Structures are given as C-alpha cells and as structure tokens.
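Okay, here's what each chain looks like letter by letter:
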Amino acid sequence: MELKTANINDLEKIISFYKYAIENTPTMKDYGRWIYGLHPTDEMIEGYIKENTMYYVEDNGIITLCVGLAPYQGDDYHDINWSKDLSDDEVYTVHILCVNPDFQGKGLARNAMAYVIEKAKQEGKKAVRFDALDCNKPANTLYQSMGFTKTDCRNLYAANTGYIDFNFYEMNI
C-alpha cells in the first residue's frame with residue numbers, strides 16, 4: 001500500500017472522500033460520530049494538506065483511506081498521562097484516519113498504522129500518539145491488537161459529540 005502525500009490540488013477530492021465516508025458508513029453514528037463541518041472541517045483538511053501532513057491511498061482512482069499525520073504533538077496533548085515525557089517534535093500524531101466504507105474490512109487501517117510506525121522509526125521519532133472515542137470499539141480493538149497502549153481516558157467536549165470519553169493511545173519506539 002502506497003500512502004501519497006496530498007497537495008492542494010487534491011483538496012476537493014479529499015473533502016469529497018470524507019463526506020462520502022461519513023454519509024455512507026452505517027456505524028458512523030455509533031462509533032466515529034463524525035459530522036462533516038464539525039469534525040472534520042474543510043479548514044482542518046486544508047490545513048493538513050498545506051502542512052504536507054495529509055496522506056491518502058487510491059485504488060483505481062478511488063480514495064480508499066485518508067489520514068492526517070503530524071510530525072509533532074499539539075498543546076492539547078501536553079496534559080495527557082503519557083508513559084514518557086517527550087518534546088512535541090519527538091512524536092508523530094495521527095489524526096482523522098478514515099477508511100472508505102466500500103473498502104472496510106480489508107486491513108487498510110492496520111496497514112496505514114504500520115506505515116505510520118515505520119515512518120516514525122525512520123525519522124527518529126520516539127512515539128506515535130493519537131486519540132480515539134471510547135465508543136469506537138472496532139478502532140480501539142485494532143489499536144490494541146497492534147501494540148498501542150491506552151495511557152489515558154478523558155471526558156472531553158467536541159463540537160460533533162458533546163462531552164464524550166476519549167482514549168489516548170501511544171506506541172513508544
């Protein structure tokens with residue numbers, strides 16, 4: 001699987017991908033709870049693209065997966081109970097990982113996360129971190145099966161969910 005770095009010319013097709021995935025994933029209301037325009041947003045996706053941190057996979061011209069992969073962690077991760085105190089630039093942070101509903105169950109998310117781990121190793125990062133909704137049982141099961149450790153759970157507010165439990169995961173490298 002080849003993850004391509006998105007550029008500004010890919011913006012519209014990536015926005016369309018997320019909208020399609022949200023509208024056509026039967027379990028979205030139970031697990032991901034994404035509402036386009038609240039999470040994710042056009043501005044969020046455009047920001048990842050402009051920072052060269054948006055990646056995607058295509059199969060015969062159809063986007064099958066997108067993920068934001070920041071080569072740092074933001075301020076919102078500073079007070080999480082991580083197993084190691086690392087500087088922001090020592091961490092890769094995974095955001096808005098999404099699989100096209102027509103391609104779910106084929107290992108795409110697992111392969112993308114394996115790519116992220118390998119990329120982090122190659123670039124000398126010390127950890128990969130991200131959060132997932134506690135109610136997103138399939139995602140939580142996947143991450144734990146790959147060796148990610150749940151280090152914290154916080155009840156936080158998000159525009160698309162209201163207050164909800166977020167699990168915070170990491171893999172030290």
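Conventions used here
Residues numbered from 1 in each chain as written. Predicted model: local features only at pLDDT ≥ 70, side-chain atom pairs only at ≥ 80, totals over all residues. Heavy atoms only, no water. Salt bridge = Lys/Arg side-chain N within 4 Å of Asp/Glu carboxyl O. Helix = DSSP H or I, 4+ residues; strand = E, 2+ residues; numbered from the N terminus. Buried < 20%, exposed > 50% of the residue type's maximum accessible area, 1.4 Å probe, protein only. Pairing = 2+ DSSP bridges. Contact = heavy atoms within 4.5 Å. Axes fitted to C-alpha atoms, helices over the stretch in contact; angles between N-to-C directions. Phe/Tyr/Trp six-rings, centres within 6.5 Å; stacked < 30°, edge-to-face > 60°. Parallel < 35°, antiparallel > 145°, perpendicular 65-115°, else oblique. Left-handed = near helix turned anticlockwise from the far one by under 90°. Nonpolar A, V, L, I, M, F, W, Y, C, P; charged D, E, K, R; others polar.

Engineer: Mind showing me how you'd approach the pattern of salt bridges here?
Structural biologist: When the charged atoms of two side chains lie near each other, side chains of opposite charge can form a pair. Counted by the stated rule, this structure contains 10 salt bridges. Across the salt bridge formed by D79 and R154, the nearest N and O atoms sit 3.5 Å from each other. With D79 in the loop between β3 (62–70) and β4 (91–99) and R154 in strand β6 (residues 149–158), this residue pair connects regions lying 75 residues apart in the sequence. Ionic pairing is found between E123 and K119, a salt bridge with its closest N-O pair at 3.0 Å. By relative accessible area, which is 42% here, E123 ends up partly exposed.

Engineer: Looking at this model, I keep getting lost on the sheet that holds strand β7 (residues 162–172). Mind explaining?
Structural biologist: Remark on secondary structure: sheet strands pair via backbone hydrogen bonds, oriented parallel or antiparallel. Reading across from one edge, β1-β2-β3-β4-β5-β7-β6 is the order of the 7 strands in this open sheet, with mixed pairing throughout. Each end of this open sheet is capped by a strand with a single partner; those strands are β1 (4–5) and β6. Across 5 bridges, the pairing between β3 and β4 is antiparallel. Bridging from a neighbouring strand, C66 pairs with C98 of β4. Across the sheet, helix α1 (residues 11–24) touches β2 (54–59), β3 and β4, and the angle it forms with β3 is around 105°.

Engineer: How do you make sense of the packing of aromatic side chains when you look at a structure like this?
Structural biologist: Each pair of aromatic rings is reported with the distance of its centres and the angle of its planes. With the rule as written, the count across this model stands at 12 aromatic pairs. Each ring, one from F17 and one from Y18, has its centre 5.2 Å from the other, and the planes form 75°; the classification is edge-to-face. Taken as a pair, F17 and Y18 share a single burial class, namely buried. Each ring, one from Y18 and one from W34, has its centre 6.1 Å from the other, and the planes form 45°; the classification is tilted. Here W34 lies in the loop between α1 and α2 (42–50) and Y18 lies in helix α1, a separation of 16 residues in the sequence.

Engineer: Which parts of the structure should I look at to understand the packing of α1 against α2?
Structural biologist: A pair of packed helices is captured by two measures, namely the crossing angle of their axes and the spacing between those axes. In the contact formed by α1 and α2, the axes pass within 10 Å of each other and the chain directions differ by 130°. By the angle between their directions, the pair α1 and α2 is classed as oblique. Pair α1 / α2 crosses with right-handed handedness. Contacts from L11, I14, I15 and Y18 in α1 reach D42, I45, E46 and I49 in α2. When the residues that make up the contact of α1 with α2 are grouped by side-chain class, the tally is 6 nonpolar, no polar and 2 charged.

Interpretation note: all reported values are geometric properties and have no functional meaning in isolation.
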